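Descriptive structure summary
One-letter residues, chain by chain:
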Amino acid sequence: GNMVEWCLPQDIDLEGVEFKSMASGSHKIQSDFIYFRKGLCFGLACFANMPVESELERGARMKSVGILSPSYTLLYRYMHFLENQVRHQLEMPGHYSHLEAFYDDKKGVLPDSKGTPSSQQPVHWLPSIHRYMYPEMKITHPAGCMSQFIKFFGEQILVLWKFALLRKRILIFSPPPVGVVCYRVYCCCCLANVSLPGLGGTVPESKPFFYVNVADIEMLETEVSYVACTTEKIFEQKRDLYDVYVDNQNVKTHHEHLQPLLKINNADKEKYRRLNDQRQMLMYSQEVGEDCNSCEEDLFILFFMEQNNRIFQTLMEVSASQDKTLTADHARGMGLDPQGDRSFLMDLLEVYGIDVMLVIDNPCCT
């Protein structure tokens with residue numbers, strides 16, 4: 001099995017980190033990077049695999065070099081260093097002077113298990129996500145992780161958007177390499193951004209757990225909301241651990257009451273068309289040199305944030321009105337399908353504790 005060969009500080013609890021920093025199935029690939037969660041901290045590890053003429057190592061030497069931090073937004077800055085160091089460790093095992101110097105230069109005080117540092121607050125619905133978190137992540141993906149994400153899932157992105165907004169437990173399966181799949185976890189969390197004040201106080205935090213494996217099962221059993229990815233197919237059978245299972249581009253749920261959310265309706269198609277239209281306009285304005293500052297990533301993030309804000313603004317206004325009645329016209333005004341999104345709206349009201357009466361019952365009257 002995997003083992004921790006070296007670490008600083010030496011008294012830190014790293015139980016299970018040897019399996020988080022080297023994805024199951026990695027022996028089949030040459031290199032990878034992995035984001036993961038360890039307690040209150042986040043980690044980034046770079047993995048490399050080198051053939052060696054050694055019977056003891058069974059013809060291959062595999063190592064990961066990683067770091068832990070209370071926040072994951074700046075980890076990308078050290079990816080190049082980690083990539084170099086894992087190569088160095090493969091070629092010259094046991095030489096840790098560069099890692100020691102790095103630790104001495106960067107070390108900080110990690111939070112204890114009792115105290116939650118400020119960076120651990122539920123950042124995914126705060127306006128600060130756009131400025132502080134998202135621009136940092138996109139730099140780590142050469143083509144921009146959000147545009148890749150939407151090209152990969154197509155219209156299915158609207159299905160993921162609804163599940164993310166409902167704070168469901170979303171598990172993404174993919175064989176290695178897992179680095180790009182860690183970005184899909186991040187992008188899923190970004191779909192649920194809301195920047196309205198006073199919302200989300202009682203709503204479960206949408207936690208990006210990034211890579212998880214069988215060693216995390218006990219921890220996942222206690223979570224009410226998360227987004228994670230795995231390379232282990234065994235998870236598909238453990239239905240009590242997730243609400244939504246994503247295998248490649250196939251999004252599915254075993255919960256009967258969530259089944260209607262899997263269907264793409266006309267309002268979803270319209271949203272996807274608008275998103276693509278905005279994208280085309282942006283690309284055109286960049287071509288003719290009018291807009292050099294905006295990018296696809298900004299467009300996608302803001303598109304979903306504005307959509308979410310519109311929904312919650314309407315819901316809060318209706319809940320503050322005298323009759324508290326949400327009509328088909330309200331639903332259309334929010335960019336939703338009165339019939340196709342009825343169960344989504346009902347779940348949304350329940351999850352966010354919004355006191356509204358839904359009167360969209362009769363299909364012939366919409």
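So, here is what we can say about the structure in this document. For clarity, every value in this text was computed on a predicted model and none was experimentally measured.

1. Description of the overall build of the chain
Looking only at helices and strands, the chain has twelve helices and ten strands in total. Considering the chain as a whole, with its 366 residues, one finds that 51% of them fall into the buried category. Nonlocal contacts in the chain, meaning residues at least 24 apart in sequence, comprise 66% of its contacts between residues at least 6 apart. Accessible surface, the chain: about 17,700 Å² in total, of which carbon and sulfur atoms supply 51%.

2. Brief notes about the packing of aromatic side chains
A complete count under the given rule lists 18 aromatic pairs for this structure. Ring geometry for Y35 against F210: centres 5.4 Å apart, planes inclined by 35 degrees, an arrangement best described as tilted. You can see Y35 sitting in strand β1 (residues 31-38) and its partner F210 sitting in strand β5 (residues 207-211), a full 175 residues away along the chain. What makes Y35 buried here is its relative accessible area of 0%. Accessibility expressed as a relative area gives 0% for F210, which makes it buried. Centroid distance Y242 to Y245: 5.3 Å. Interplanar angle 40 degrees. Geometry classified as tilted.

3. Quick notes on the nonpolar core
Ranked by internal contacts, the top residues of the largest apolar core, which has 94 residues, are Y35, F149, F312 and L315. The residue makeup of this core includes at least three contributed by each of domain 1 (17-99) and domain 2 (139-313). Among the nonpolar cores identified, the runner-up in size contains twelve residues, and L171, F209, Y242 and Y245 belong to it.

4. Quick notes on the side chain of K63
For K63, the location among the structural elements is in strand β3 (residues 60-69). Residue classification places K63 among the buried positions, given a relative accessible area of 14%. Here E5 takes part through its side chain, which lies 2.5 Å from a polar atom of the side chain of K63. Residue contacts for K63: discarding those within four places in its chain leaves E5, M22, C46, F47, A48, V86, Q89, L90 and P93.

5. Quick look at the pairing of strand β2 (residues 41-51)
Counting buried positions over the eleven residues of β2 gives ten, a clear majority of the element. For β1 and β2, the ladder comprises eight bridges, and the chain directions are antiparallel. Within β2, the position partnered with S31 by the bridge is A48. Between the antiparallel neighbours β1 and β2 lie two residues, among them G39 with a positive phi of about 60 degrees. Bridge count for β2 against β3 is ten bridges, and the pairing is antiparallel. Among the inter-strand pairings, F47 is bridged to a residue of β3, identified as S64.

6. Quick word on the side chain of Q89
For Q89, the location among the structural elements is in helix α2 (residues 79-91). Under the relative-accessibility criterion, Q89 is labelled buried at 2%. Sequence-distant contacts of Q89, that is, excluding residues within four places in its chain, are made with E5, K63, V65, G94, H95, Y96 and L99.

7. Some points on α2
With 13 residues, α2 extends 19 Å between its outermost C-alpha atoms, agreeing within 8% with the 18 Å of an ideal straight helix rising 1.5 Å per residue. Among all positions of α2, only M79, L82, Q85, V86, H88, Q89 and L90 are buried. Buried residues along α2 sit in contact with β1, β2, β3, α3 (97-106) and α7 (179-190).

8. So, the state of the cysteines
Under the defined criterion, the tally for this structure stands at zero disulfides. Note on C229: no disulfide assigned, nearest cysteine sulfur contributed by C182 at a separation of 4.0 Å.

9. Describing the packing of helix α9 (residues 266-287) against helix α10 (residues 296-320)
Two elements in contact, α9 and α10, have axes separated by 10 Å at closest approach and are oriented at 145 degrees. Every pair of crossing elements has a handedness; the one defined by α9 and α10 is right-handed. Side by side, α9 and α10 meet where K271, R274, L275, Q278, R279 and L282 of the first sit next to E296, L299, F300, F303, F304, Q307 and R310 of the second. Its residues assigned to classes, the contact of α9 with α10 comprises six nonpolar, two polar and five charged.

10. Looking at the pattern of salt bridges
All told, the structure shown has 15 salt bridges when counted by the stated rule. The residue D355 makes a salt bridge to K324 at a minimum N-O spacing of 3.9 Å. On the criterion of sequence distance, the pair formed by D355 in the loop between α12 (342-351) and β10 (357-358) and K324 in the loop between α10 and β9 (325-326) is long-range, its members being 31 residues apart. Judged by relative accessible area, which is 27%, K324 ranks as partly exposed. Among the charged side chains, a salt-bridge network with shared partners connects K162, D268, K271 and D341.

11. As for unusual backbone geometry
Between L8 and the following residue, P9, the backbone shows a cis peptide bond with an omega angle of -10 degrees. Along the chain, the position of P9 falls in the segment before α1 (17-20). The linkage connecting P176 with the following residue, P177, adopts the cis geometry, with an omega of 5 degrees. Position of P177 among the secondary structure elements: in the loop between β4 (169-173) and α7. Even without glycine at this site, R167 takes up a positive phi of about 60 degrees. The phi dihedral of F210 is positive, around 55 degrees, even though this residue is not glycine.

Definitions and limits used
- Residues numbered from 1 in each chain as written.
- Predicted model: local features only at pLDDT ≥ 70, side-chain atom pairs only at ≥ 80, totals over all residues.
- Heavy atoms only, no water.
- Helix = DSSP H or I, 4+ residues; strand = E, 2+ residues; numbered from the N terminus.
- Buried < 20%, exposed > 50% of the residue type's maximum accessible area, 1.4 Å probe, protein only.
- Contact = heavy atoms within 4.5 Å.
- Areas by Shrake-Rupley, 256 points an atom, 1.4 Å probe, with all protein chains shown as cover.
- Phe/Tyr/Trp six-rings, centres within 6.5 Å; stacked < 30°, edge-to-face > 60°.
- Core = buried A, V, L, I, M, F, W, Y, C linked by side-chain atoms within 4.5 Å.
- Domains from an automatic or database assignment.
- Polar contact = N/O pair within 3.5 Å; in protein donor to acceptor, adjacent residues only side chain to side chain.
- Pairing = 2+ DSSP bridges.
- Expected span 1.5 Å × (residues − 1).
- Disulfide = S-S within 2.5 Å.
- Axes fitted to C-alpha atoms, helices over the stretch in contact; angles between N-to-C directions.
- Left-handed = near helix turned anticlockwise from the far one by under 90°.
- Nonpolar A, V, L, I, M, F, W, Y, C, P; charged D, E, K, R; others polar.
- Salt bridge = Lys/Arg side-chain N within 4 Å of Asp/Glu carboxyl O.

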